[in-house]
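# Residue-level structural notes
As a plain string of letters, each chain reads:
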Amino acid sequence: MPPEYTRQDGDGGGDSGVQPQFGSPGPRISPQHPLYLGFMGTVGVGLALLVYWIGSNTTQLLLWIVAALFIALGLEPVVSWLEGRKIPRPAGILVSVTVLVSAVVGFFATLIPTIVEQVTQIVEQAPVWIRDFIDSEFFRSLDDQFGVRDRVTEELDKFVNDPAALGGIFGGVVGFGSTVANGLFGTLIVLVLSLYFLAALPAMKKWGYRLAPRSRRHRVEALSEEITRSVGNYVIGQAVVALLNATFAFIVMSIVGIPFALLLAFVVALLAFIPLVGGMIAGVVVLLVSLTEGWQTAAIYGICYFSYLQFEAYFISPRIMQKAVAVPGAVAVISVIAGGSLLGVLGALIAIPTAAAVLLLVREIYIVRQDQH
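In short, a report on the structure.

Conventions and cut-offs
All residue numbers refer to positions counted from 1 along the written sequence of the respective chain. It should be noted that, the model being predicted, local features are given only for residues of pLDDT at least 70 and side-chain atom pairs only at 80 or more, the latter also being counted only at that level, while totals for whole chains, interfaces and linings use all residues. Excluded from the side-chain calculations are hydrogens and water; all other atoms, namely the structure's heavy atoms, are used. Each helix corresponds to a stretch of at least 4 residues labelled H or I by DSSP, and each strand to a stretch of at least 2 residues labelled E; elements are numbered beginning at the N terminus. We call two residues contacting when some pair of their heavy atoms lies within 4.5 Å. Side-chain atoms alone can form a polar contact between residues adjacent in sequence; in general such a contact is a pair of N or O atoms within 3.5 Å, and within protein one must be able to donate a hydrogen while the other accepts it. Throughout, an axis means a line fitted to C-alpha atoms (over the contacting stretch in the case of helices), and angles, computed between N-to-C directions, take values from 0 to 180 degrees. Orientation labels follow simple angle bins: below 35 degrees gives roughly parallel, above 145 gives roughly antiparallel, 65 to 115 gives roughly perpendicular, and whatever is left gives oblique. Crossing handedness is read from the near helix: turned anticlockwise from the far helix by less than a right angle, it gives a left-handed crossing, and turned clockwise, a right-handed one. Gly falls in the polar group here, along with every residue not listed as nonpolar (Ala, Val, Leu, Ile, Met, Phe, Trp, Tyr, Cys, Pro) or charged (Asp, Glu, Lys, Arg). A pair is scored as a salt bridge if a Lys or Arg side-chain nitrogen falls within 4 Å of a carboxyl oxygen belonging to Asp or Glu. The rule is simple: take the accessible area with a 1.4 Å probe, protein chains only, and divide by the maximum for that residue type; under 20% is buried, over 50% is exposed, in between is partly exposed.

### Description of the environment of Pro31
Considering the arrangement of structural elements, one finds Pro31 in the segment before helix 1 (34–57). In this view, Pro31 contacts Tyr36 and Leu37; residues no more than four positions away in its chain are not counted.

This is how it looks when you write it as structure tokens:
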């Protein structure tokens, strides 16, 4: 990286007395020159079109990069903490990534056999549930009024005799396999990018700060450090909240006897990563499954779980997130909905830290500037 220098009164010197390797930059062309205006306007339009074309053709790659940066910022507080304990940064990165990968691999190694077993049980029980539903008085009354059984038989015959439908099934299987393969490949890419971003994060910050004017560099650095610190603490805090949520749900499901408790706890953990609405969605999903054991079981679980959500909202999350981000409730809800609509689950995950960063910039830059006029 070139040393910092300032041009003073036509000489090439600087505050530190360091001469640039290739000489000092000459005077800039006047921004009012017609050639400058026309050329820079054309270049600006061309660059905008180029950026739009690149972005529209590399959307998946950009999502992977955003996810990798999100993970790297989440691990950065852990690496910084290890650096504060006199552990070299490469060793801290290795320890952090090893622990994370080992935890994920161990979790899935324990979970996958149970998921396979419980999904097999669901497949085996599905015909029994269908037969019981067909033999129920509710279905018989519907069949007598609307001829449901004959209608279903007719549609099945059409489907079996339709070659296009069978081809669609085959195409769906192939598409599902491609989706799984792309998901595994994307996970590998995100993991590798996260490792590189985590290793190069200090250098990336330094280069980014040098792009700002020297007079504003200190302020840019302070705001950027505050944003990255908040994002890192938010990721760690959200992971802890999701783990506690899933653990409580698994304990309650095991006590009241809800089937497929471990599989449902995994679903709860994934959904709990989505702020604000994830816990509610997870509760509804488990309630629908618990109804197979009776309304009493569903009522007990609903009371326990939604009471825990209130306890989490008022006591657990504020204490875990007190060093992360501070976003008003209405802004948080709007940002999560907008992020989910734009980028799906990833957008919902990064919505709150992004909203916090925007609020910080508005407060420290725009409002301060408006107060000076």
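That was the structure; now back to the text.
### Focus: the side chain of Arg217
The topology assignment puts Arg217 in helix 7 (residues 217–256). A polar contact is formed between the side chain of Arg217 and the backbone oxygen of Ala212, at a distance of 3.1 Å.

### Digging into the packing of helix 7 against helix 8 (residues 261–272)
Relative orientation of the contacting elements helix 7 and helix 8 amounts to 155°, with a least axis distance of 8 Å. One way to sum up the angle between helix 7 and helix 8 is to call them roughly antiparallel. In this structure, the crossing between helix 7 and helix 8 has a hand that is right-handed. In this structure, helix 7 uses Gln238, Ala242, Asn245, Ala246, Ala249, Phe250, Met253 and Ser254 to contact helix 8, whose residues at the interface are Ala261, Leu262, Leu264, Ala265, Val268, Ala269 and Ala272. In the contact of helix 7 with helix 8, the residues fall into 12 nonpolar, 3 polar and no charged.

### So, the pattern of salt bridges
Enumeration according to the criterion identifies 4 salt bridges in this entry. Put simply, Arg89 and Glu76 hold a salt bridge, and the shortest N to O gap is 2.8 Å. Of this pair, Arg89 sits in helix 3 (residues 89–135) while Glu76 sits in helix 2 (residues 59–84); the two residues are 13 residues apart in sequence, bridging distant segments of the chain. Judged on exposure class, the residue Arg89 and its partner Glu76 are both buried. In this structure, Glu226 engages Arg229 in a salt bridge whose closest nitrogen and oxygen atoms are separated by 2.7 Å. With Glu226 and Arg229 both in helix 7 and 3 residues apart, the pair spans about one turn of that helix. A relative accessible area of 32% means that Glu226 is categorised as partly exposed. A relative accessible area of 35% means that Arg229 is categorised as partly exposed. When salt bridges that share partners are traced, they join Glu76, Glu83 and Arg89 into one network.

### Overview of the side chain of Asn245
Position of Asn245 relative to the elements: it lies in helix 7. A relative accessible area of 1% means that Asn245 is categorised as buried. For Asn245, the side chain forms a polar contact with the side chain of Tyr305, separated by 2.9 Å. Setting aside chain neighbours within four positions, we find Asn245 in contact with Val268, Ala272, Gly279, Tyr305, Tyr308, Leu309 and Glu312.

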